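Observations on chain architecture
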Amino acid sequence: MNKIDSIGHSVFFEADFTSLRALLDERQYSKVFILTDRNTGELCLPLLIAAMPESFTYDIIEVDPGEENKNIDFCIGIWKMMLDFDADRNAVMINLGGGVVTDMGGFAASTFKRGIDFIQIFIILLAQVDASVGGKTGIDLDAVKNIIGTFTLPQAVFINAGFLRTLDRRQLVSGYAEMVKHAFIYDSAYYEQLKAFNFDEPSEALIYRSVEIKNAVVTADPKEAGLRKILNFGHTIGHAIETYSLDNDNSPLLHGEAIGVGMICEAFLSQRHNGLSEAELAEVVAHLRSVFPAYQLKQESFGAIIATMRNDKKNSQGRIGFSLLKGLGECSYNHYLEADAIEEALVYYQSL
Ligand SMILES: NC(=O)c1ccc[n+]([C@@H]2O[C@H](COP(=O)([O-])OP(=O)(O)OC[C@H]3O[C@@H](n4cnc5c(N)ncnc54)[C@H](O)[C@@H]3O)[C@@H](O)[C@H]2O)c1
Ligand SMILES: [Zn+2]
């Protein structure tokens, strides 16, 4: 276990960055830029540098942490720094961060001088298991997330569970949502293993299996023709709750926390509409409730939550599409449900 081959690039699981050193040796880039945010620059960059040879030379570009900075202004800052440092087309950008740094750094690199190479080092659990394959880069424009971006593959992706030691527990729990989603939709044996997931010492082997599942689904459906939709389990309702929470709560839910709520609601719908057994529903719900904090879902939020689902660009003609479990480890897509069925699921969540 140390490498997953995806379409066009590999995901390396390495503590010592052997393959990164080999890649940099082989390519002989004219310049190496490392993009970090303030936190990852302080907490994680030293670990990377310690693994590199003394002769390793690089320029650091640092951005402010946070989704609100994943925008064109920071991108312009990155491009200007690269110009100031005389970057040519043979420069490389190493993005060391969570989804904000890797999305924005990937975008900045994929557009600078019509595209220079970039390498992603994911150091946040959610990004490791969710963003390592697929090659999406991007920034937000005003309130619209990821609206400007490219599909550009990195030269390589690196995952090293050692970086997760400095990550706070809430972020780990949020990332776990995507891992357990992979188990629910694809692999019941993996679900059994995940039950032993230790948040104090996140297992690289379990992270590996998650990336492997995501990669299997993405490579089986490269053009997003259908199967990939199973990755949306928990996300139709979860994403709408996340949006509601961002707009209304003092301390909004993280993405994975909202997906934790969404998976409970959609497991309920799976039992009602797709053959998930009562016992499996009880198992899924008990597990999710043992990991994720309960969310105070208010009756008065239902209208806004369902309206968000209707407006989602993934739906057509006002119909709301779901990916639902058929059993533990099996998922099917293109289930269209009406508002009253969805409301029933929200009421179910409230009743727990
Ligand atoms: N490209 C994709 O396929 C893809 C997939 C999922 C999410 N995303 C994007 O990712 C973004 C969210 O990213 P995120 O959730 O990773 O958040 P983030 O990048 O904002 O990181 C969250 C916080 O954790 C800190 N941090 C990161 N790693 C750390 C570490 N190892 N130790 C200590 N602190 C650390 C960061 O400095 C930041 O303050 C969204 O914009 C989303 O659109 C992209
Ligand atoms: Zn997600």
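Rules of the game
- Residues numbered from 1 in each chain as written.
- Chains lettered and ligands numbered in written order.
- Predicted model: local features only at pLDDT ≥ 70, side-chain atom pairs only at ≥ 80, totals over all residues.
- Heavy atoms only, no water.
- Axes fitted to C-alpha atoms, helices over the stretch in contact; angles between N-to-C directions.
- Helix = DSSP H or I, 4+ residues; strand = E, 2+ residues; numbered from the N terminus.
- Parallel < 35°, antiparallel > 145°, perpendicular 65-115°, else oblique.
- Left-handed = near helix turned anticlockwise from the far one by under 90°.
- Contact = heavy atoms within 4.5 Å.
- Nonpolar A, V, L, I, M, F, W, Y, C, P; charged D, E, K, R; others polar.
- Core = buried A, V, L, I, M, F, W, Y, C linked by side-chain atoms within 4.5 Å.
- Buried < 20%, exposed > 50% of the residue type's maximum accessible area, 1.4 Å probe, protein only.
- Pairing = 2+ DSSP bridges.
- Expected span 1.5 Å × (residues − 1).
- Near = heavy atom within 4 Å.
- Polar contact = N/O pair within 3.5 Å; in protein donor to acceptor, adjacent residues only side chain to side chain.
- Areas by Shrake-Rupley, 256 points an atom, 1.4 Å probe, with all protein chains shown as cover.
- Donors = N, O, S within 2.8 Å, 3.2 Å for Na, K, Ca; no water.
- Phe/Tyr/Trp six-rings, centres within 6.5 Å; stacked < 30°, edge-to-face > 60°.

Attention shifts here to the packing of helix 11 (residues 255-273) against helix 14 (residues 339-351). Where helix 11 contacts helix 14, the two axes come as close as 9 Å, and the packing angle between them is 120°. Comparing the axis directions of helix 11 and helix 14 gives the class oblique. Considering how the two elements wind past one another, helix 11 and helix 14 form a crossing that is right-handed. The residues of helix 14 that touch helix 11, namely those facing Val261, Ile264, Cys265, Phe268, Leu269, Arg272 and His273, are Ala341, Glu344, Ala345, Leu346, Tyr348 and Tyr349. Partitioning the contact of helix 11 with helix 14 into residue classes produces 10 nonpolar, 1 polar and 2 charged.

Here the focus is the nonpolar core. The biggest cluster of nonpolar side chains holds 77 residues, and the ones touching the most others in it are Met179, Ile207 and Ile237. Leu48, Met52, Phe56 and Ile123 belong to the second-largest nonpolar core, a separate cluster that totals 23 residues.

The next point concerns the sheet that holds strand 5 (residues 91-97). Taken in spatial order, the 7 strands make up an open sheet running 1-2-9-6-5-3-4, and their pairing is mixed. Each edge of the open sheet carries a strand with a single partner, namely strand 1 (3-5) and strand 4 (59-63). Adjacent strand axes in the sheet meet at a mean angle of 20°, parallel and antiparallel pairs treated alike. Sheet analysis places strand 1 next to strand 2 (residues 10-13), joined by 3 bridges and oriented antiparallel. Each bridged residue has a counterpart across the sheet, and for Lys3 the counterpart in strand 2 is Phe12. On the sheet, helix 4 (residues 72-84) packs against strand 3 (31-37), strand 4 and strand 5 and is oriented at approximately 165° with respect to strand 4. Relative to strand 1, helix 9 (residues 204-220) is tilted by about 5°, and along the sheet it contacts strand 1, strand 2 and strand 9 (156-159).

Here helix 9 spans 24 Å end to end across 17 residues, near enough to the 24 Å set by a 1.5 Å rise per residue. Inspection of helix 9 places Leu206, Ile207, Tyr208, Ser210, Val211, Ile213, Lys214, Asn215, Val217 and Val218 among the buried residues, and these make up the whole buried set. Each element contacted by the buried residues of helix 9 is listed here: strand 1, strand 2, helix 6 (125-130), strand 9, helix 7 (169-186) and helix 8 (188-194).

Looking at ligand 1, there are 23 residues lining it, with Asp37, Glu67, Lys70, Gly99 and Thr166 nearest. Taking Asn39, its side chain carries an N or O atom lying 2.9 Å from an oxygen atom of ligand 1. Notes on ligand 1: free accessible area 870 Å², of which the protein chains cover 84%. Mapped by element, the contributors of at least two residues to the shell around ligand 1 are helix 2 (38-43), helix 5 (99-111) and strand 8 (144-151). Across the shell around ligand 1, the residue classes break down as 9 nonpolar, 7 polar and 7 charged.

Another point: the coordination of the zinc ion (ligand 2). The expected angle between donors at a tetrahedral four-coordinate metal is 109.5 degrees. At an octahedral six-coordinate metal it is 90 or 180 degrees. The zinc ion (ligand 2) binds to the protein through Glu178 (OE), His235 (NE2) and His255 (NE2), with metal-donor distances spanning 1.9 to 2.1 Å. Coordination of the zinc ion (ligand 2) draws on donor residues from a single chain, spaced E-x56-H-x19-H in sequence. On the criterion of sequence distance, the pair formed by Glu178 in helix 7 and His255 in helix 11 is long-range, its members being 77 residues apart.

With that settled, consider the packing of aromatic side chains. Applying the stated criterion across every chain yields a total of 12 aromatic pairs. Ring plane angle 40° and centroid distance 5.3 Å describe the contact between Tyr176 and Phe197, whose orientation is recorded as tilted. Remark: Phe197 occurs in the loop between helix 8 and helix 9 and Tyr176 occurs in helix 7; sequence separation between them is 21 residues. Here Phe268 and Tyr348 contribute two aromatic rings whose centre-to-centre distance is 4.5 Å and whose plane-to-plane angle is 20°, an arrangement assigned as stacked. Pair noted here: Phe268 is in helix 11 and Tyr348 is in helix 14, with a separation of 80 residues, a long-range link. For the pair Phe268 and Tyr348, one class covers both residues: buried.

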